[in-house]
Amino acid sequence: MTEATYTVEGMTCAHCVGAVREEVGELAGVREVDVDLTSGAVKVVSEQPLAADAVAAAVTEAGYRLVA
């Protein structure tokens, strides 16, 4: 298992958190997604390291922006 933390901009409510959690959670190999609304931190536990562009695409699909 591997763990990575990303920063997401634009989340303002619990619905935002759920949308990001759902989209990132659908990526292959993801086992856990923890989203902190206050800081914008998204911690992802996965079987293997995830490609940053895949995570960015999932966050974009949810309607938000991954900060590089």
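Rules and cut-offs
- Residues numbered from 1 in each chain as written.
- Predicted model: local features only at pLDDT ≥ 70, side-chain atom pairs only at ≥ 80, totals over all residues.
- Heavy atoms only, no water.
- Helix = DSSP H or I, 4+ residues; strand = E, 2+ residues; numbered from the N terminus.
- Contact = heavy atoms within 4.5 Å.
- Areas by Shrake-Rupley, 256 points an atom, 1.4 Å probe, with all protein chains shown as cover.
- Buried < 20%, exposed > 50% of the residue type's maximum accessible area, 1.4 Å probe, protein only.
- Arc of directions from axis to C-beta.
- Pairing = 2+ DSSP bridges.
- Axes fitted to C-alpha atoms, helices over the stretch in contact; angles between N-to-C directions.
- UniProt positions renumbered as here; feature names shortened; annotations may be inferred.

Chemist: When you look at the overall build of the protein in this model, what are you seeing that I'm missing?
Modeler: Helices and strands together make up the secondary structure of the protein, namely two helices and four strands. Tracing the protein from N to C terminus, the helices and strands come up as β-α-β-β-α-β. Sequence separation of 24 or more characterises 59% of the internal contacts of the protein that already satisfy a separation of 6 or more. Split by element, the accessible area of the protein, about 4,000 Å² in all, is 49% carbon and sulfur.

Chemist: Could you clarify how one ought to interpret helix α2 (residues 52-62) in this entry?
Modeler: Note that an α-helix has 3.6 residues per turn; residues three or four places apart therefore point the same way. Every buried residue of α2 is accounted for by Val55, Ala58, Val59 and Ala62. Angularly, the buried residues of α2 cover 95° about the axis, an arc narrow enough to put them on a single face. Looking at α2, the residues exposed on the side facing more than 90 degrees away from the buried face are Asp53, Thr60 and Glu61. Buried residues along α2 sit against β1 (2-9), α1 (14-25) and β4 (65-67).

Chemist: Would you explain the sheet that holds β1 in this entry?
Modeler: Note on sheets: strands pair through backbone hydrogen bonds, and any given pair is parallel or antiparallel. Spatially, β2-β3-β1-β4 is the arrangement adopted by the four strands of the open sheet, whose pairing is antiparallel. Here the strands that pair on one side only, and so sit at the sheet edges, are β2 (30-35) and β4. Adjacent strand axes in the sheet meet at a mean angle of 35°, parallel and antiparallel pairs treated alike. As judged from the five bridges shared by β2 and strand β3 (residues 41-46), these two strands associate in the antiparallel manner. Residue pairing in the sheet places Glu32 in a bridge with Val45 of β3.

Chemist: How should I be thinking about the pairing of β1 in this particular structure?
Modeler: Consecutive side chains of a regular strand alternate in pointing toward one face of the sheet and then the other. By the bridge criterion, six bridges tie β1 to β3 in an arrangement that is antiparallel. For Thr2, the partnering residue across the bridge sits in β3 and is Ser46. The pairing of β1 with β4 spans three bridges and is antiparallel. The residue of β4 that forms the bridge with Val8 is Leu66.

Chemist: Whenever I open this one, the UniProt feature "domain: HMA" (unreviewed entry) in the protein confuses me. Can you help?
Modeler: Per the UniProt record, "domain: HMA" (unreviewed entry) is annotated on residues 2-67. The span residues 2-67 is 35% helical and 35% strand by assignment, and the distance between its end C-alpha atoms comes to 20 Å.

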